[in-house]
Amino acid sequence: MDCKEEIDLSAPGPSVIERYFTRWYKADVKGQACEDHCILQHSNRLCVLTLAETHPILQDGRTIKNINYKISNGCSRLNNKVAGKSKRGGQFLTEFAPVCRITCTDETEYTIYSCMRGRLLEVNEDILINTSLLLKKPSTDGYIAVILPKFEESKLVGENLLSREDFEAVVSKRAADVQAQPS
Amino acid sequence: MLPLKEKDKPVVQKLLSSGCCARCVLRFCCVLVQSLYRQPGEDESEEGTRTATEQSDDPPKKRMKLDDGLKGSEASAGSGDAEAPPAPALSHCVVCLGVLQEYCSRDHARKVAEAVKTEDYHFETILLSVSLPAQLCVREHSCWLHVKKEMREKVMTRVKDDIVPLKEAFKWSVQGLIATELGESFWRESRCIEESIIFPTLSSDCLLLVPSWFRCISIGPQCSDVFLLVHNVEIVSYCPPHGFRHYPTPPGRPTSICTSQAIQCLHTSIYVAGRYNKYSRSLSQTPWIIDGRRMMESSVEELIAEPLASSFRSKGFNFSSSGREDVDVRTLGKGRPFAMEMLNPHRYRFTKMEMKKIQETINTSSDKIAVRDLQIVTRECMGHMKEGEEEKTKSYTALVWTQKPIEKDDIIFLDDIKELTLDQKTPLRVLHRRALAVRQRVIHSMNASFRDPHHFYLRLKTQAGTYIKEFVHGDFGRTKPNLCQLLKMDTDILELDVEVGNCGTSYFQKGNPGKSTGSMTRIVQLGLDFSGDFPRLDVENVIFFFSFQKTRLKQYT
């Protein structure tokens, strides 16, 4: 009576991200070279904001000194509270809303932007305590925030962003440019 | 003793001269003897009425009524076409517009019985219901006022509430006839026949009556017929005599009579329960439709319902179950309890063997699911089934992938973990439809069995409501602790099975398969519509209703 739907275990299957999420990228956010962000969009329209693997924070063995979700005197992303199924009360983020500022031990500071419109559901407080999470697992446990786009805009999230292929093209072009002008 | 007495005589005369039919006369005289209504009508058999008359204690009066009736039958004899809507005739009652005449005839009873037979229902008991045009209550009131006025309230010591309701009179008149017509095939099986009738549409002149209120109370024309009906009854019952002066008393002669709009048959729902196993990882429990597009070819619900619907010859179904599982999760063990409400089944009685056969049909039709303990249950059992959802402990088996190679000894420590409390943030997977919260869930025990260096099976006993997939892959660290943390490496879940029912309730095991215990009631609905051009209420004549009814109407707006 058993239904034979055996899966192939010889090779690793698709990961959680590959199974459930679409990856969108924004390269050189706000004109800052290589400051690439990645948005993971779940099939249920929810989005997870992460750093792209190419982000300067993740390069050259940098370490993080401080992560700050307080983006101005009046506004801290840590104060974000959502209630109920409809997530009432979450801060609304526009495309270039700063979400947090990350200071590395070499005193370089980077601002992480939302890259999309939507309601902030939660920020990752774990990376405040364990900053190495962000460095070791930038696209999973080291995520920055969870953002819920408006229902009618959820299909358009990718329109202002790069697909994975386009982003890889950008990255390889960047690498080619660096090689072309060795300083 | 015949209920009609000497003192009723003037009333009877009054009514007859106004154009009431014999049954309406009985109604207005508040006669509660059902057998009198069952006497064949004027246009039925002359013989029958004569017998009835001879039995009466007061022949002159009855004779008079009968004579009146006979005249009517002669008048309508020329247009005696049973199929076409009965032609208007002088004899048609001004109060019931033929409801207690044409529609109480053997011909009509035969028509109703035909409709029931055509549908080929199996049933034990029958209930007849009828909806009447709202216009009739206006006419009844008018006639009542007429009688009251003419008699100067001397004779009429009764109040209007004592008048036998038209629906009751209709039931008494026609139920026996329909039962007889159904007799050959159904009567022996029937325990009792109850009747009441519904005429779902309102007469056109009643609709005329209403628009003028709409302007005043601004409800808009979207009001349902039921609403209109309620209003007419309400307004008439609170209308003082002077308020009714614009409507003719007695009501005018109709130029046509009510027409039957529809005869509907309806069997009460039958509930079928059982347990199901799901062996497929690409089958949803219920049809999965996104933006009008089907995501999966079939569903558990449809696989079970189809053979059931064809056996019960039902007109639809409602599926419910004790919990549900993800599309890619198999349901093993004894199976998940479910119940299926079969709507308007034409057949409802199945023996134990027949139910077994249906079960086999379901099981052979697909290897994706299996059904057991299939049986007919009462409605109350549905409640017990839902209790199973609260079941404290759930058993799962997960196939886990590990990023790094493992050995048997690496996972043994999992077996020793007991009562592990998890803090689960609402998984991203369901966060779009569930509130964000951290929920504490307990894993009572785990049992790991090594498969190969990158895979092992993990059996879990957990508190209900634990998200297993998220426990295994960690959900971006949002479930803590998770299996990644316990094993200090990335882990992922490849397959999941849920075992249902091994420690569950046996809520309908003791049922009586094939025999339902609920009372099986069949309802025959008749629809009569009135669309004649007989005297109507003019719009302006009706405004008075509103002017003094303003306050009462407020409660509806």
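Residues numbered from 1 in each chain as written. Chains lettered and ligands numbered in written order. Predicted model: local features only at pLDDT ≥ 70, side-chain atom pairs only at ≥ 80, totals over all residues. Heavy atoms only, no water.

> Lay out the overall build of chain A with the relevant residues and their values.
Within chain A, the secondary structure is distributed over four helices and nine strands. Going from N to C terminus, chain A has its helices and strands arranged as α-β-β-β-β-β-β-β-β-α-α-β-α. Considering only C-alpha atoms, chain A reaches an extent of 65 × 50 × 35 Å along its principal axes. By the burial criterion, 45% of the 183 residues in chain A qualify as buried. A separation threshold of at least 6 residues defines the contact pool for chain A, and within that pool the share at least 24 residues apart is 59%. For chain A, the exposed surface amounts to about 9500 Å²; the carbon and sulfur share of it is 50%. Computing the positive centroid from 24 side-chain charges and the negative centroid from 25, chain A places the two 9 Å apart. (Helix = DSSP H or I, 4+ residues; strand = E, 2+ residues; numbered from the N terminus. Buried < 20%, exposed > 50% of the residue type's maximum accessible area, 1.4 Å probe, protein only. Contact = heavy atoms within 4.5 Å. Areas by Shrake-Rupley, 256 points an atom, 1.4 Å probe, with all protein chains shown as cover. Lys, Arg positive; Asp, Glu negative; His and termini not counted. Charge placed at Lys NZ, Arg CZ, Asp CG, Glu CD.)

> If you had to explain the overall build of chain B to someone new, which residues and values would you point to?
Each helix and strand counted, chain B has 19 helices and 16 strands in total. Relative to its 557 residues, chain B shows a buried fraction of 54%. Working note: accessible area of chain B is about 25000 Å², and carbon and sulfur atoms make up 52% of it.

> Please set out the sheet that holds strand β4 (residues 64-68) of chain A residue by residue, giving values where relevant.
Two strands in a sheet stick together by hydrogen bonds in their backbones, pointing the same way (parallel) or opposite ways (antiparallel). All names here are of chain A. Reading across the sheet, the three strands line up as β4-β6-β7 and stay open at both edges, with antiparallel pairing between neighbours. At either end of the open sheet lies a strand with only one pairing partner, and these are β4 and β7 (109-113). Here the strands of the sheet are splayed against their neighbours by 20° on average, with no regard to which way each runs. Where β4 meets strand β6 (residues 98-104), four bridges bridge the pair, whose relative direction is antiparallel. Note that in β6 the partner of Asn 66 across the bridge is Thr 103. (Pairing = 2+ DSSP bridges. Axes fitted to C-alpha atoms, helices over the stretch in contact; angles between N-to-C directions.)

> Tell me about the state of the cysteines, residues and numbers included.
One pass over the structure, following the stated rule, counts zero disulfides over all chains. Cysteine B:Cys21 is unpaired, with the sulfur of B:Cys24 as its nearest cysteine sulfur at 3.6 Å. Just so you know, B:Cys484 is unpaired, no disulfide at all, and the nearest cysteine sulfur is the one on A:Cys38, 19 Å from it. Relative accessible area serves as the criterion here: at 11%, B:Cys484 is assigned to the buried category. (Disulfide = S-S within 2.5 Å.)

> Break down helix α13 (residues 352-365) of chain B for me, citing the residues and quoting the values.
Residues and elements named next belong to chain B. Here α13 contains 14 residues, and its C-alpha end-to-end distance of 20 Å stays within 8% of the 20 Å for a straight helix at 1.5 Å per residue. Buried within α13 we find Met 355, Ile 358, Gln 359, Ile 362 and Asn 363. For α13, the angular spread of buried residues about the axis comes to 135°, placing them on one side. Across α13 from its buried face, at more than 90 degrees, point the exposed residues Met 353, Lys 357, Glu 360 and Thr 364. Taken together, the buried residues of α13 touch β4 (270-278), α12 (300-312) and β9 (369-377). (Expected span 1.5 Å × (residues − 1). Arc of directions from axis to C-beta.)

> Account for α12(B), naming residues and giving values.
Residue and element names in this part refer to chain B. The terminal C-alpha atoms of α12, which comprises 13 residues, lie 18 Å apart, in line with the 18 Å expected from a rise of 1.5 Å per residue. At Glu 306, α12 shows its largest bend, some 25°, and a proline, Pro 307, comes one to four positions later. Looking at the buried side of α12, the elements it contacts are β4, β7 (317-321), β8 (329-342), α13 and β9. Following α12 by one or two positions, Arg 313 has its phi on the positive side, about 50°. (Bend = angle between axes of the 7 residues up to and from the residue.)

> Give me the sheet that holds strand β9 (residues 145-148) of chain A: which residues, what numbers.
Residue and element names in this part refer to chain A. As summarised here, the arrangement of the six strands in space is β1-β2-β3-β9-β8-β5, forming an open sheet in which the pairing is antiparallel. What marks the edges here is a single partner per strand, and that holds for β1 (21-26) and β5 (92-93). Here three bridges tie strand β3 (residues 47-51) to β9, and the two strands are oriented antiparallel to one another. The residue bridging Leu 49 from the neighbouring strand is Ala 145, located in β9.

> With reference to specific residues and values, describe the packing of aromatic side chains.
Scanning the entire structure with this criterion turns up seven aromatic pairs over all chains. Arranged with centres 6.0 Å apart and planes meeting at 50°, the rings of B:Tyr276 and B:Phe338 form a pair that is tilted. Residue B:Tyr276 is found in strand β4, and its partner B:Phe338 is found in strand β8; the two are separated by 62 residues along the sequence. By the ring-pair criterion, three or more aromatic residues cluster together here, those being A:Phe21, A:Tyr143 and B:Phe476. (Phe/Tyr/Trp six-rings, centres within 6.5 Å; stacked < 30°, edge-to-face > 60°.)

> Give me the lowdown on the environment of A:Thr140, citing residues and values where you can.
Mapped onto the fold, A:Thr140 is located in the loop between α3 (132-136) and β9. Accessibility expressed as a relative area gives 23% for A:Thr140, which makes it partly exposed. Sequence spacing of A:Thr140 and A:Thr50 is 90 residues, and the spatial spacing of their C-alpha atoms is 8.0 Å. Ignoring sequence-local partners within four residues, the contact set of A:Thr140 consists of A:Ile17 and B:Phe476.

> Describe the confidence of the model for chain B, and please don't skip the residues or the numbers.
It should be kept in mind that the predicted coordinates are not to be read in detail where pLDDT is low. Residue and element names in this part refer to chain B. This prediction gives chain B a mean pLDDT of 70; 61% of its residues lie at or above 70. In the predicted structure, residues 42-89 sits below a pLDDT of 50 and forms 57 contacts with residues beyond four places in sequence or in another chain. Both scores are available for the predicted complex, with the pTM at 0.71 and the ipTM at 0.93. (pLDDT = per-residue confidence, 0-100.)

> Provide a residue-level description of the interface of chain B and chain A, including the pertinent values.
Contact with chain B, which involves 35 residues of that partner, is made by 33 residues of chain A. Note on chain B versus chain A: buried area summed over both sides is about 2800 Å², and carbon and sulfur give 57% of it. Contact with chain A buries surface across chain B, with B:Leu428, B:His432 and B:Phe476 losing the most and accounting together for 25% of the total. Taken together, the links from chain B to chain A amount to five salt bridges. The residue A:Glu122 makes a salt bridge to B:Lys425 at a minimum N-O spacing of 3.9 Å. If you look at where chain B meets chain A, you find 10 residue pairs in polar contact (both at pLDDT 80 or more). Breaking the side of chain B that touches chain A down by element, the ones donating at least two residues are β10 (393-402), α16 (428-431), α17 (468-473) and β15 (491-500) of chain B. Grouping the constituent residues of the side of chain B that touches chain A by class yields 12 nonpolar, seven polar and 16 charged. (Buried area = accessible area lost by both parts, 1.4 Å probe. Salt bridge = Lys/Arg side-chain N within 4 Å of Asp/Glu carboxyl O. Polar contact = N/O pair within 3.5 Å; in protein donor to acceptor, adjacent residues only side chain to side chain. Nonpolar A, V, L, I, M, F, W, Y, C, P; charged D, E, K, R; others polar.)

> Quick rundown of the pattern of salt bridges? Include the residues and the values.
Here the structure, examined in full by the defined rule, presents 29 salt bridges over all chains. Put simply, A:Asp28 and A:Arg174 hold a salt bridge, and the shortest N to O gap is 2.9 Å. With A:Asp28 in the loop between β1 and β2 (37-42) and A:Arg174 in helix α4 (residues 164-180), this residue pair connects regions lying 146 residues apart in the sequence. Between A:Lys173 and A:Asp177 there is a salt bridge whose closest N-O contact spans 3.8 Å. Residue A:Lys173 and its partner A:Asp177 are both found in helix α4; the two are separated by four residues, about one turn of the helix. Relative accessible area serves as the criterion here: at 55%, A:Lys173 is assigned to the exposed category. With relative accessibility at 38%, the residue A:Asp177 sits in the partly exposed group. If you follow the salt bridges from partner to partner, you end up with B:Asp326, B:Asp328, B:Arg429, B:Lys469 and B:Glu470 in one network.

> Outline the environment of B:Thr402, listing residues and values.
Residue and element names in this part refer to chain B. Following the sequence through the fold, Thr 402 ends up in strand β10. Considered as a pair, Thr 402 and Leu 494 are 92 residues apart in the sequence and their alpha carbons are 10 Å apart. Setting aside residues no more than four positions away along its own chain, Thr 402 makes contact with Pro 453, His 454, His 455, Phe 456, Leu 487, Met 489, Asp 490 and Thr 491. For Thr 402, the side chain forms a polar contact with the main-chain oxygen of Lys 404, separated by 3.0 Å.

> Can you tell me about the nonpolar core, naming the residues and giving the values?
Within the largest apolar cluster, 48 residues are counted, with the highest numbers of intra-cluster contacts made by B:Leu15, B:Cys20, B:Cys24, B:Val95, B:Cys96, B:Leu100 and B:Phe170. Contributing elements (two or more residues each) for this core: α1 (9-18), α2 (22-28), α3 (34-38), α6 (106-119), β1 (125-131), α7 (135-150) and α8 (166-187) of chain B. Take this core: its biggest share by element is eight residues, from α8(B). Counting residues in hydrophobic clusters, the runner-up holds 32 residues, among them A:Leu93, A:Tyr113, A:Met116 and A:Leu120. (Core = buried A, V, L, I, M, F, W, Y, C linked by side-chain atoms within 4.5 Å.)

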